[in-house]
Amino acid sequence: CLLSIGMSVKLGIPKEFVYEIAMGAVFHDVGKMFIPRELVNKVNPTDKEKREIREHATLGFRLFQQHGYGINTTYAIWFHHEREDGSGYPHGVSDKKIPLPAKIVSLASSYDNMVNYNPFHTDPLTQKDALEQIYADDKFNKKCVIALNKFVVPYPIGTKVQLSNGKEGLVIKNKPGSPLRPLILCGRAEVLNLAEDSNLLNVVIV
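I will try to describe carefully the structure that is included in this document. Small disclaimer: the values here were computed from a predicted structure and weren't measured. Throughout, residues of each chain are indexed from 1 in the direction in which the sequence is written. Owing to the predicted nature of the model, reporting of local features is limited to residues with pLDDT of at least 70; listing and counting of side-chain atom pairs is limited to 80 or more, with chain, interface and lining totals taken over all residues. By convention in this description, side-chain values take in all heavy atoms of the structure and omit both hydrogens and water.

### Looking at empty space enclosed by the protein
Part 1 of the reasoning: Within this scheme a cavity is a closed region of a 1 Å grid, computed over the protein atoms alone, that accommodates a 1.4 Å probe without allowing it to escape, whereas a pocket is open but has protein on both sides within 12 Å along at least five of seven lines; lining residues each have an atom within 4 Å of a point. Grid points are joined across faces, edges and corners, and a volume is the space filled by probe spheres set on the points. Taken as a whole, this structure holds one cavity of 30 Å³ or more when the rule is applied.
Part 2 of the reasoning: Taken as a whole, the largest cavity encloses approximately 50 Å³ of empty space.
Part 3 of the reasoning: Glu82, Arg83, Glu84, Ile98, Ala102, Lys103, Ser106, Lys139, Phe140 and Asn141 together form the lining of the largest cavity.
Part 4 of the reasoning: We call Asp, Glu, Lys and Arg charged. Ala, Val, Leu, Ile, Met, Phe, Trp, Tyr, Cys and Pro are nonpolar, and the rest, Gly among them, are polar. Looking at side-chain class alone, the lining of the largest cavity contains three nonpolar, two polar and five charged residues.

### Description of helix α9 (residues 142–151)
Part 1 of the reasoning: Each residue is assigned to one of three classes by its accessible area relative to the maximum for its type, calculated with a 1.4 Å probe on protein chains only: buried under 20%, partly exposed between the two thresholds, exposed over 50%. Working definition: helices are DSSP H or I runs of at least four residues, strands are E runs of at least two. Numbering for both runs from the N terminus. Among the residues of α9, those classed as buried are Cys144, Val145, Ala147, Leu148 and Asn149.
Part 2 of the reasoning: Should any heavy atoms of two residues lie within 4.5 Å, those residues are counted as being in contact. Contacts from the buried residues of α9 go to α1 (2–10), α7 (100–115), α8 (127–135) and β3 (178–186).
Part 3 of the reasoning: Two N or O atoms form a polar contact when they lie within 3.5 Å of each other; inside protein one atom must be a possible hydrogen donor and the other a possible acceptor, and for residues adjacent in sequence the pair counts only when both atoms belong to side chains. The backbone nitrogen of Lys143 lies 3.1 Å from a side-chain oxygen of the residue at the head of α9, namely Asn141.

### Overview of the sheet that holds strand β1 (residues 160–162)
Part 1 of the reasoning: For two strands to count as paired, DSSP must find a minimum of two bridges between them. The sheet built from four strands is open, its strands ordered β1-β2-β3-β4 with antiparallel pairing. The sheet is open, and its two borders are formed by β1 and β4 (190–193), each paired with just one other strand. Here the strands of the sheet are splayed against their neighbours by 45 degrees on average, with no regard to which way each runs.
Part 2 of the reasoning: When strand β2 (residues 168–175) meets β3, the two strands line up antiparallel, connected through four bridges. Bridge pairing in β3 links Lys175 to Ser178. Lines fitted to C-alpha atoms define the axes here, with helix axes fitted over just the stretch in contact, and angles between the N-to-C directions of these axes take values from 0 to 180 degrees.

### Focus: the packing of helix α6 (residues 71–79) against α7
Part 1 of the reasoning: Remark: α6 packs on α7, axes separated minimally by 8 Å, with the N-to-C direction vectors making an angle of 55 degrees. Considered as vectors, α6 and α7 are oriented oblique to each other. The element α6 and its partner α7 pack so that their crossing is right-handed. Contacts between α6 and α7 involve Asn72, Tyr75, Ala76 and Phe79 from the first element and Pro101, Ala102 and Val105 from the second. Roughly parallel refers to an angle under 35 degrees, roughly antiparallel to one over 145, roughly perpendicular to one between 65 and 115, and oblique to any angle outside these ranges. Handedness of a helix crossing follows the sense of rotation of the near helix relative to the far helix, less than a right angle counterclockwise being left-handed and clockwise being right-handed.

### A short note on a nonpolar patch on the surface
Part 1 of the reasoning: Patch members must show over 30% relative accessible area and no salt bridge, and they are joined within 9 Å when carrying like charges or within 5 Å when they are nonpolar side chains of Val, Leu, Ile, Met, Phe, Trp or Tyr. A 1.4 Å probe and the Shrake-Rupley method give the accessible areas. Residues count as covered only by the protein chains that appear here. What counts as a salt bridge is simple: a side-chain nitrogen of Lys or Arg found within 4 Å of a carboxyl oxygen of Asp or Glu. A contiguous nonpolar surface patch, about 370 Å² in accessible area, is contributed by Leu2, Ile5, Val9 and Phe151.
Part 2 of the reasoning: In terms of residue count, α1 provides more of the nonpolar patch than any other element does, three residues in total.
Part 3 of the reasoning: Structurally, Phe151 is set in helix α9.

### Quick word on unusual backbone geometry
Trans peptide bonds make up the majority, and among non-glycine residues the majority have a negative phi.
Part 1 of the reasoning: Note that the residue after Tyr89, namely Pro90, is joined by a cis bond; omega there is 10 degrees.
Part 2 of the reasoning: Along the chain, the position of Pro90 falls in the loop between α6 and α7.
Part 3 of the reasoning: The backbone of Asp95 sits at a positive phi, close to 45 degrees, despite the residue not being glycine.
Part 4 of the reasoning: Considering the arrangement of structural elements, one finds Asp95 in the loop between α6 and α7.

### Details of the environment of Tyr75
Part 1 of the reasoning: With respect to the helices and strands, the residue Tyr75 is situated in helix α6.
Part 2 of the reasoning: Here Tyr75 falls in the partly exposed class, since its relative accessible area comes to 27%.
Part 3 of the reasoning: Taking C-alpha positions, Tyr75 is 35 Å from Lys175, a pair spaced 100 residues apart along the chain.
Part 4 of the reasoning: When neighbours within four sequence positions are excluded, Tyr75 is seen to be in contact with Phe61, Pro99 and Ala102.

Next up, the structure:
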């Protein structure tokens, strides 16, 4: 939900629509309550079981539509597994046929799954690696990806990093507009400003 709100704000979406998208993000998987839990959590389902699990998007959409939720919420739930290249479900549509709220929730959900432990992803990625993987993937809307990168920083404050010059340190501040060039505290007092110090132009986080 927070990731979806952040992207929506960065994309300039009006506040009342941001709220509706946030509701879609919170309840995007609500349809799974109609599917047996052991099936939902099954790591290697059969093709038949996959088809049953995939019904959760439509089931959730129908539930929220019946209760009078707006189109930004219901379509975010219904289309959140669709992909830009047409490889998603339940409709297999692509690009312009996917509502923007669904593109936002889809990316937020995928990123969240990448950086956190779950039964299908037992080796979470760092935020930096997840962002790089998303940038390289044609399944996600590029404007949403850029908005996510403006909201999520690759190196959160407190992250321990190693530099290409051999030094190690902690990220203490992120520079707006330069997410890969934070301020780094090395030792007790040495602060390296990768974004502005000309002597550090060739130094990167490895």
